[in-house]
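Residue strings, one per chain:
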Amino acid sequence: MRPAHLLQVLDREFASTLEGHHTPVMLWGPPGVGKSQMIAEVAARNGVPLIDIRLSQMEPSDLRGIPFKDGDLVEWAVPSMLPDADRQGASGILFLDEITSAPPSVSAAAYQLILDRRLGAYEVPPGWAIFAAGNRQGDRGVTYTMPAPLANRFSHFEVELNVDDWAAWAYARGIDDRVIAFIRFRPDLLFEFDPAHNPVAFPSPRSWEFAHRALQKFETHPELLSGSLQACVGQAAGIELNAFIAHLDQMPDLDAIVRGESVDAPREIDLQYAVAAALVGRAIRARGTASSVEVQGNILNYASTFPQREMGIMMVTDMHRALGDELFSVPQFAEWSERVADLMLYEA
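Everything quoted here is computed from the prediction, not taken from an experiment.

A closer look at the packing of aromatic side chains
Within a pair of aromatic rings, the relevant descriptors are the distance that separates the centres and the angle that separates the planes.
Part 1 of the argument: For the structure on display, the rule yields 11 aromatic pairs.
Part 2 of the argument: Consider the rings of Phe333 and Trp336, whose centres lie 5.9 Å apart with planes at 45°: the pair is tilted. With a gap of 3 residues between them, Phe333 and Trp336 both fall in helix 16 (residues 331-347), about one helical turn apart. Trp336 carries the same exposure label as Phe333, and that label is buried.
Part 3 of the argument: Ring-pair connections join several aromatic residues into one group, and the members of that group are Phe182, Phe185, Trp208, Phe244 and Tyr273.

A few points about the layout of surface pockets
Part 1 of the argument: Size it by volume and the largest pocket reaches roughly 980 Å³.
Part 2 of the argument: Lining of the largest pocket is provided by 43 residues; of these, Gly34, Gln37, Met38, Glu41 and Trp169 occupy positions nearest its centre.
Part 3 of the argument: Sorting the residues of the lining of the largest pocket by element identifies helix 1 (3-15), helix 2 (35-46), strand 8 (127-134), helix 7 (163-172), helix 9 (205-218) and helix 15 (309-323) as the ones contributing at least two each.
Part 4 of the argument: The element contributing the most residues to the lining of the largest pocket is helix 2, with 7 residues.

Some words on the packing of helix 8 (residues 177-185) against helix 13 (residues 269-286)
Part 1 of the argument: At a minimum axis separation of 8 Å, helix 8 and helix 13 run at an interaxial angle of 135°. One finds that helix 8 runs oblique with respect to helix 13. Relative to helix 13, helix 8 is oriented so that their crossing is right-handed. Contact residues: Asp177, Ile180, Ala181, Arg184 and Phe185 in helix 8; Ile269, Asp270, Tyr273, Ala274, Ala277, Ala278, Gly281 and Arg285 in helix 13.
Part 2 of the argument: For the contact of helix 8 with helix 13, the per-class residue count stands at 8 nonpolar, 1 polar and 4 charged.

Structural notes on helix 15
Part 1 of the argument: Taking 1.5 Å per residue, 15 residues should reach 21 Å; helix 15 reaches 21 Å between its end C-alpha atoms and fits that length.
Part 2 of the argument: Buried residues of helix 15: Met311, Gly312, Ile313, Met314, Met315, Val316, Asp318, Met319 and Leu323, and no others.
Part 3 of the argument: Phi turns positive one or two residues past the end of helix 15, at Gly324, with a value near 80°.

Side note on helix 14 (residues 292-303)
Part 1 of the argument: Over its 12 residues, helix 14 extends 16 Å from the first C-alpha to the last, a length consistent with the 16 Å expected when each residue adds 1.5 Å.
Part 2 of the argument: The buried fraction of helix 14 is high, at 9 of 12 residues.
Part 3 of the argument: Within helix 14 the residues assigned to the buried category are Ser292, Val295, Gln296, Gly297, Asn298, Ile299, Leu300, Tyr302 and Ala303.

Remarks on the nonpolar core
Part 1 of the argument: Counting 63 residues, the largest nonpolar core has Trp166, Trp208 and Leu279 as the members making the most contacts within it.
Part 2 of the argument: Top element by residues in this core is helix 13. It accounts for 11 residues.
Part 3 of the argument: Once residues lying within four places of it in the same chain are set aside, the contact partners of Trp208 are Trp166, Val179, Phe182, Ile183, Leu189, Leu190, Pro203, Val233, Ala237 and Leu241.
Part 4 of the argument: Trp28, Leu82, Val106 and Tyr122 belong to the second-largest nonpolar core, a separate cluster that totals 27 residues.

Points about the pattern of salt bridges
Part 1 of the argument: Evaluated as defined, the whole model comprises 22 salt bridges.
Part 2 of the argument: For Glu19, the salt bridge identified is with Arg12, shortest N-O distance 3.0 Å.
Part 3 of the argument: Assessed through its relative accessible area of 43%, Glu19 is described here as partly exposed.
Part 4 of the argument: Put simply, Arg186 and Asp188 hold a salt bridge, and the shortest N to O gap is 2.6 Å.
Part 5 of the argument: Given the relative accessible area of 42%, Asp188 is considered partly exposed.

Some points on the sheet that holds strand 8
Part 1 of the argument: The strand order 2-5-8-1-9 describes an open sheet built from 5 strands, whose pairing is parallel. With partners counted over all chains shown, the strands left at the sheet margins are strand 2 (50-54) and strand 9 (155-158), one partner each. Across the sheet, the mean angle separating the axes of adjacent strands is 20° when strand polarity is ignored.

A short note on the environment of Asp52
Part 1 of the argument: The topology assignment puts Asp52 in strand 2.
Part 2 of the argument: Judged by relative accessible area, Asp52 falls into the partly exposed class, the value being 35%.
Part 3 of the argument: Sequence separation between Asp52 and Pro331 is 279 residues, and the spatial gap between their C-alpha atoms is 46 Å.
Part 4 of the argument: Not counting chain neighbours up to four residues away, the residues in contact with Asp52 comprise Phe95 and Asp97.
Part 5 of the argument: Side-chain polar atoms of Asp52 contact the side chain of Arg54, separated by 3.0 Å.

Structural notes on the domain arrangement of the protein
One widely used convention gives an interface's size as the accessible area the parts lose upon coming together.
Part 1 of the argument: Taken domain by domain, the protein consists of domain 1 (3-158) and domain 2 (163-346).
Part 2 of the argument: Using C-alpha coordinates to define each centre, domain 1 is positioned 36 Å away from domain 2.

Rules of the game
- Residues numbered from 1 in each chain as written.
- Predicted model: local features only at pLDDT ≥ 70, side-chain atom pairs only at ≥ 80, totals over all residues.
- Heavy atoms only, no water.
- Phe/Tyr/Trp six-rings, centres within 6.5 Å; stacked < 30°, edge-to-face > 60°.
- Helix = DSSP H or I, 4+ residues; strand = E, 2+ residues; numbered from the N terminus.
- Buried < 20%, exposed > 50% of the residue type's maximum accessible area, 1.4 Å probe, protein only.
- 1 Å grid on protein atoms, 1.4 Å probe; cavity = no way out; pocket = protein on both sides within 12 Å on 5 of 7 lines; lining within 4 Å.
- Points joined across faces, edges and corners; volume = space filled by probe spheres on them.
- Axes fitted to C-alpha atoms, helices over the stretch in contact; angles between N-to-C directions.
- Parallel < 35°, antiparallel > 145°, perpendicular 65-115°, else oblique.
- Left-handed = near helix turned anticlockwise from the far one by under 90°.
- Contact = heavy atoms within 4.5 Å.
- Nonpolar A, V, L, I, M, F, W, Y, C, P; charged D, E, K, R; others polar.
- Expected span 1.5 Å × (residues − 1).
- Core = buried A, V, L, I, M, F, W, Y, C linked by side-chain atoms within 4.5 Å.
- Salt bridge = Lys/Arg side-chain N within 4 Å of Asp/Glu carboxyl O.
- Pairing = 2+ DSSP bridges.
- Polar contact = N/O pair within 3.5 Å; in protein donor to acceptor, adjacent residues only side chain to side chain.
- Domains from an automatic or database assignment.

Listed below in structure tokens is the structure:
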């Protein structure tokens, strides 16, 4: 399932805790695709605490607690990391990360916690959702086969990468427009991992964020930039990104486009992707300013100048994902919609 849909599922599963319909969710996917980040995003936008427990780093007693003598009885000390309504609040998310990397003795201790929401006398507060994530066995990570009794305690979703969803996330996180443009130009490089070769650095949503950081740090040191990008996303992808960025000195005047001046669209397809990504970034950064409607309108006008109308549609779609329905109130949006209506209807 693509990330945008998974976020809706996770939001609904969190809300369902108070309705008594919550089912623990297990996210499957290769390393670096954003499983943990999606869980953190759900917690952040619901304004609730997130307890991240790495089962791969635990012993069974870490989860079950340790026994102590209380008179003639033996009680169990509840680990402080487990959610407590008095300490962390009535609602939250308990995230069992790297669950497939936990040895069987530890995962067995989690059975009762996941299905029955309790461990001995301890109970998970009713407003807390239980989510988990892990790598698949073919991903060359340290993984164990998930025992059937544990697997049967979850609803299971596999994270499917989607370039549109990643681009929306990247714009929201302020990822460099040039990195977004490159992935739009080479969507097959959003994630490229061959377990048979066991690469150290490889392209993934996580490592493209590293490439963004490298670009901010080493752009003024060209002798270091290419090597730094390769260190983040692997040799082939790093070399391609560096060459793509070097070619961008032929881009048209973006300031003139934003001002509404007549500027020809580039003929080269890589430059078209770069211009589209950069203009979406300009529209986002103009949001909330006195000139926002003018800037967005001029960008909408420019959307019709691309040699391939699909490029303009992609750019406006990214703008809408970033800006929301406020884009519909820009006068030029209706004009642009009429110009591409035949293509939009055909594609639908």
